[in-house]
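Residue strings, one per chain:
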Amino acid sequence: MSDATADVTTAVQGPAVAGLSKLRALESEAIHVMREVAAELERPALLFSGGKDSIVLLRLAEKAFRPGRFPFPLVHVDTGHNFDEVLDFRDRRAAELGERLIVARVQDTIDAGRVADGYDPARPGSSRNQQQTQTLLDCIEEHRFDACFGGARRDEERARAKERIFSFRDDFGGWDPKNQRPELWNLYNGRLRSGENVRVFPISNWTELDVWQYIAEERLVLPSIYFAHEREVVRRNGMLYAVSPYLRPHEGETVETLSVRYRTVGDLTITGAVESTASTLEDVVAEIAATRVTERGETRADDRVSEAAMEDRKVQGYF
Amino acid sequence: MTTATTPHAGPVAATADLLRVATAGSVDDGKSTLIGRLLYDSKQVLVDQLEQVQEASVRRHGAGAVDLSLLTDGLRAEREQGITIDVAYRYFTTGDRSFILADTPGHVQYTRNMVTGASTADLVIVLVDARQGVIEQTRRHTFIASLLGIRHVTFAVNKMDLVDWDEERFRAIEAETTRIAAQLGIPDIHVIPISALEGTNVVDRGDVPGWYPEDADHPTLLRHLQTVQVASDRNLTDVRFPVQWVIRPGGAVGRDGVRAADADLHDYRGYAGQVAGGVLRPGDEVQVLPSGVRTRIARIETFDGDLDEATAPMSVTVHLQDDVDVSRGDVLVGAGDDAAALCRREFEADVCWMSDRPLRPGQRLLLKHTTTTTVAKVDAVLDRLDLHTLDRVAPDAAGGLELNDIGRIRLRVKRPLVADPYDVDRTTGAFILVDEGTNDTVAGGMIR
């Protein structure tokens, strides 16, 4: 090896030696992952929530497959409590891309009697976060998806840091953290047993800041809620929640109108806003680079339940 | 990529690069503490994460100390047992360089996890306990790093505070680790004294004695990681482009059908993939293997426009001048390369066996190599590595390999592989073996 490489270093001069920037190396890795899935699995889907991570996935899919069509549809699991701005964005983006969008509604799962509604306007802190899992699993079964791309990143959470890029789910959609397939080099083993599906995370190795820097470099369009805007919010358990038909102020809570933006996009009932005046991508990148609190810690109530909340939900079939 | 064809030149990403690091070391050498220290002192631990760790530290150890190892052990079982079971990936950045850190477990029964973590690493940090000095695990992990073609090994001699920063002690360990690494042919070795617990010489220098003077030759661990040069490790000589996916919007079949408005794409045929080696340039003559057909590169396309050249690990779409038959699994190689030598039906490889069910001669397995998956038969298990002495010894009594064994085997494959020795190209020299019955990945292999 020493000899071979010695030749390499002396033989090649010029720009080729310089190597890729971090973002372009991560991009290249993600494109490779997406093409592997398209080539080796029968019926993939891309989970598109209208959030920033899945917006990045769409750009990566364009880079992987254009000028061809995406070899998969887009899928959104809609809790029924989403931001209107995000749903509008979702529909517009899918139409612009000319790709198929499948919307799986938690409300339909509830109406079919397959789950009880976790959301009760009278009960503080209730949400349909748990119910999403059933709707997703039903959607996977109905369309016989064998692979679902997701925008989760390993920097988000401790359990995520342990999860493979190809994450196998059993018949019940569950993840077994102690029995993961080794993942070596860039060789992914996509073979499934019957009933299994695989969740694939092409941007596993990206951080929140990488995502924002990539969005800025690519000039990707985002839903307006990611940028500072005035909104009626209430303070609850240290978080700022948007007042909406699904989240009304409790007694003793005051409604404030603040300049806020969102770091993540999710169900209105569990996603907190942050106070901010960042109105451009550059402002947001600067804020994220300077933040002292993680994305999930600051804005996702569902991860605060216990030390292993994310691991527990993944074991049950959550994304 | 030349500056002229770089599609984006964002303010941050233009200069930042990425270093992939794996850690290794025995179970109590303080790996998790070291990683916690790297993250903590480089200000990458955010307030809420730190609060969680503080709470958990108090629950476990009582008030007082913050157990930085709790930053990395993420799974319930790991917290219960206080050990690292599986590879965890951590991310931190120092402005001009970002790091992906594969935190691999130290137990000997997790050798397969170290192989997994090291398979993508540019550099391996081997932790050595200053009190214990070089032990079996040090040798083993250094050996595995060399087996996996790691060109940069950094020995972090930890717990120096517990030996009162004794220079003699450090020098002895330095001499021994250097000797082992040189013996294994690892070209770039550094030995750095640290105390992860106290945070000395990890990110901040702290109270390092004068025998490790503050100059360019005696960096802190982080400083070393920031400055080590790895770009020249890539194979820029041998053109290797495994075709991953054929983009044919005008094709009559498949899910890649043309959009009605794009009739001009009717004849479009692009070969998408990630460059594994060499430099691809438009106009270059190439051969398509295994068929051996020769043609030229017409264009190198990306979503952001055409490129003048492409190198590993760029994902691009290549167009060829002639209308030749190319599909997934084919590899474009240089025109002057010896096709017969590259197309292998039989070869020897070192494998790390990762399954509870032992490997036996005669066994049939699936083999995935670049973008080809084919059936392989194990003709023979030639030897097994004694992980204690690092000698190559005879296979076990049944003639095979057990879980976590590393050994050399001879394989035959149904479809020829377009492959290089691992030492020449880490991408075209690597493969995994898959059990057809369980679909489990049962081995990682390196072609010799």
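Residues numbered from 1 in each chain as written. Chains lettered and ligands numbered in written order. Predicted model: local features only at pLDDT ≥ 70, side-chain atom pairs only at ≥ 80, totals over all residues. Heavy atoms only, no water.

> Could you clarify how one ought to interpret the confidence of the model for chain B in this entry?
Reading predicted coordinates in detail is not appropriate for stretches of low pLDDT. All names here are of chain B. Counting all residues, the mean pLDDT for chain B is 87, and 88% of those residues have values of 70 or more. Counted against residues more than four places away or in other chains, residues 1-14, with its pLDDT under 50, gives 22 contacts. Counting interchain partners and residues more than four positions distant, the pLDDT-below-50 stretch residues 252-258 has 19 contacts. In the predicted assembly, ipTM is 0.91 and pTM is 0.91. (pLDDT = per-residue confidence, 0-100. Contact = heavy atoms within 4.5 Å.)

> What should I look at first to understand the side chain of Asp383 of chain B in this one?
All names here are of chain B. By the element assignment, Asp383 lies in strand β19 (residues 372-385). Overall, Asp383 belongs to the buried group, its relative accessible area being 14%. Within the structure, the side chain of Asp383 is placed 3.0 Å from the side chain of Arg392, a separation counted as a polar contact. (Helix = DSSP H or I, 4+ residues; strand = E, 2+ residues; numbered from the N terminus. Buried < 20%, exposed > 50% of the residue type's maximum accessible area, 1.4 Å probe, protein only. Polar contact = N/O pair within 3.5 Å; in protein donor to acceptor, adjacent residues only side chain to side chain.)

> Mind showing me how you'd approach the confidence of the model for chain A here?
Mean pLDDT over chain A: 86, with 87% of residues reaching 70 or higher. Across chain A, element-level confidence peaks in strand β1 (residues 44-47) of chain A with a mean pLDDT of 98 and bottoms out in helix α1 (residues 2-11) of chain A with 36.

> Explanation requested: the pattern of salt bridges in the structure shown.
It is possible for side chains bearing opposite charge to pair when their charged atoms get close. Residues and elements named next belong to chain B. For the coordinates displayed, the defined rule picks out 64 salt bridges over all chains. Note that Arg140 and Glu136 form a salt bridge whose closest N and O atoms lie 2.6 Å from each other. With Arg140 and Glu136 both in helix α5 (residues 136-147) and four residues apart, the pair spans about one turn of that helix. Judged by relative accessible area, which is 3%, Arg140 ranks as buried. Asp350 serves as the salt-bridge partner of Arg392, at 3.2 Å between the closest nitrogen and oxygen. With Arg392 in strand β20 (residues 392-393) and Asp350 in strand β17 (residues 343-353), this pair connects stretches of sequence that are 42 residues apart. Among the residues examined, Arg392 registers a relative accessible area of 35% and is labelled partly exposed. (Salt bridge = Lys/Arg side-chain N within 4 Å of Asp/Glu carboxyl O.)

> Would you explain the sheet that holds strand β6 (residues 188-193) of chain B in this entry?
Where strands meet in a sheet, backbone hydrogen bonds hold them as pairs that are either parallel or antiparallel. The six strands lie next to each other as β2-β3-β1-β4-β5-β6 (chain B), forming an open sheet whose pairing is mixed. Every interior strand has two partners, whereas the edge strands, β2 (88-93) and β6 of chain B, have only one. Within the sheet, the average angular offset between the axes of one strand and its neighbour, ignoring direction, is 25 degrees. Sitting on the sheet, helix α2 (residues 22-40) of chain A touches β1 (17-24) and β3 (97-103) of chain B, and the angle it makes with β1 of chain B is about 70 degrees. (Pairing = 2+ DSSP bridges. Axes fitted to C-alpha atoms, helices over the stretch in contact; angles between N-to-C directions.)

> Is there a simple way to think about the pairing of strand β11 (residues 285-289) of chain B in this case?
Along any regular strand the residues' side chains alternate between the sheet's two faces. All names here are of chain B. Most of β11 sits inside the fold, with four of its five residues counted as buried. Here β11 runs beside strand β12 (residues 293-302); their pairing, made up of four bridges, is antiparallel. Counted as the bridge partner of Val286 is Thr295 from β12. The antiparallel pairing of β11 with β12 creates a hairpin that spans three residues between the two strands, and Gly292 there sits at a positive phi of about 90 degrees. For β11 and strand β16 (residues 331-334), the ladder comprises four bridges, and the chain directions are antiparallel. When the bridges of β16 are listed, Val288 appears paired with Leu332.

> So what exactly am I meant to see when it comes to the state of the cysteines here?
Linking two cysteines covalently through their sulfur atoms gives a disulfide. Within the structure shown, the criterion is met by zero disulfides over all chains. Counting only cysteine sulfurs, Cys139 of chain A is the nearest neighbor of Cys148 of chain A, a cysteine outside any disulfide, at a range of 7.4 Å. (Disulfide = S-S within 2.5 Å.)

> Looking at this structure, how should I read the environment of Lys162 of chain A?
Residue and element names in this part refer to chain A. Locating Lys162 in the fold gives a position in the loop between β4 (147-149) and β5 (166-169). Lys162 sits in the buried class, given a relative accessible area of 0%. Linking Lys162 and Lys178, residues 16 residues apart in sequence, is a C-alpha distance of 9.8 Å.

> Mind showing me how you'd approach the environment of Gln287 of chain B here?
All names here are of chain B. The residue Gln287 is located in strand β11 in this model. Residue Gln287 is classed as buried on the basis of its relative accessible area, which comes to 3%. Not counting residues within four places of it along the chain, the set of residues in contact with Gln287 comprises Gly292, Val293, Arg294, Val331, Leu332, Val333, Gly334, Ala335, Gly336, Asp337 and Ala339. One polar contact links the side chain of Gln287 to the main-chain carbonyl oxygen of Asp337, over a distance of 2.8 Å.

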